[in-house]
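An overview of the molecular structure
Here is what each chain is made of, one letter per residue.
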Amino acid sequence: MGLRDLSNEVVIHKRENGFEFLQFRKLLELGVKHAYSLKPHFFNTRPGVVSSETYSAAVDNYARFCNVIGVDVNKLVKPNQTHTNCVKIVDNLPGKMSIEEDMFKDVDGLVTNIEGVSLASVNADCILLLFYDPVKRVIGNVHSGWRGTFAKIAANGVNKMVQSYGCNPEDIIVCICPSIRKCHFEVKEDVKKLCEDTFGYTNRLNDFIEYIGKDIDGTGKWRIDTVLVTKVLLQECEIKENNIYDCGICSVCNKDIIHSYRGDGKDAGRGTAIISL
Ligand SMILES: [Zn+2]
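Residues numbered from 1 in each chain as written. Predicted model: local features only at pLDDT ≥ 70, side-chain atom pairs only at ≥ 80, totals over all residues.

1. Description of the nonpolar core
By size, the foremost hydrophobic cluster in this structure holds 74 residues, and its most contacted members are Leu129, Phe131 and Val174. With 6 residues, the top contributor of residues to this core is strand E9 (residues 127-133). Taken together, domain 1 (11-184 + 227-276) and domain 2 (186-224) each give at least three residues to this core, which thus spans both. With residues near it in sequence (within four places) discarded, Val174 still touches Leu129, Phe131, Leu234, Ile239, Asn243 and Ile244. (Core = buried A, V, L, I, M, F, W, Y, C linked by C-beta atoms within 7 Å. Buried ≥ 20, exposed ≤ 12 C-beta atoms within 10 Å, placed from the backbone. Helix = DSSP H or I, 4+ residues; strand = E, 2+ residues; numbered from the N terminus. Domains from an automatic or database assignment. Contact = placed C-beta atoms within 7 Å.)

The structure is reproduced here in structure tokens:
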């Protein structure tokens, strides 16, 4: 614990009641309760994948972490996150903690304008986006792994806020949590090709994709900047560049502090991002 301090211009690294976490300076300034958890606490809750002991420990971590950041765990909603591009609204106050329940099955993003509701998501390298519209008082929390990124879930998050709550994209603030970054997101031909097919229209492929040479088997290897792709998608939706707050932190480079699938393997823990109204 307390190995290093990840604070930078965008986020502050805090240690409280045994928890290590990041908070976005901009959201703190606006009085929005939120946090991104760091190791050692984990939030793996997938039924049928984690053991009942792990599930119980993760739920207990949610209860204690919510307490640390001052949100009500009984009003916490977390979708099950299956790498879709589906974003839904939470339109009533849950009476208890809602984790991976059927109502939000095959959902990877949530938005709400209900005071007191907390939206949660988890990651181990995937991008997590926190949205806040201070004018309409609407929040969002979106999980965008590379599949979700290519399926434009970031845009779906913005569009849901606009269509459901009348948000003006120019008012929306987006915070980008720690995730795998271009330095570590190495892909083969198939994913590179999908990126080209999906984003060729942007004329930004040279910024998104970098050839890094041949693998041992003679096939090519590339790096993709999925965070940059996400920023471009957000700006296509009229999100202002100045309203995008990217922590700039790679989960793999910082796997001693941040849960990372590429860093820790299939038994990797999950970090959580929580935002509340
Ligand atoms: Zn890295």
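After that view of the structure, there is still more to cover.
2. Description of helix H2 (residues 52-69)
The terminal C-alpha atoms of H2 lie 26 Å apart, and with 18 residues this matches the ideal 26 Å at 1.5 Å per residue to within 8%. What H2 keeps buried is the set Ala58, Asn61, Tyr62, Phe65 and Cys66. Down the axis of H2, the buried side of the element spans an arc of 125°, and every buried residue falls inside it. Residues of H2 that are exposed and point over 90 degrees away from its buried face: Ser52, Glu53, Ser56 and Asp60. Those residues of H2 that are buried are in contact with strand E2 (19-24), strand E3 (33-37), strand E4 (76-78) and strand E8 (118-123). (Expected span 1.5 Å × (residues − 1). Arc of directions from axis to C-beta.)

3. Considerations on the sheet that holds strand E11 (residues 173-176)
Strand order in the open sheet formed by 6 strands is E5-E7-E10-E9-E11-E15, with mixed pairing between adjacent strands. This sheet does not close on itself; its edge strands, each paired only once, are strand E5 (87-89) and strand E15 (244-246). Ignoring strand direction, the axes of neighbouring strands in this sheet form an average angle of 15°. Strand direction decides the pairing type here: E9 and strand E10 (residues 138-144), joined by 7 bridges, are antiparallel. From the neighbouring strand, Asp133 faces E10, where its bridge partner is Val138. In the packing of helix H4 (residues 153-165) onto the sheet, contacts are made with E5, strand E7 (109-112), E9 and E10, and the angle to E10 comes to roughly 160°. (Pairing = 2+ DSSP bridges. Axes fitted to C-alpha atoms, helices over the stretch in contact; angles between N-to-C directions.)

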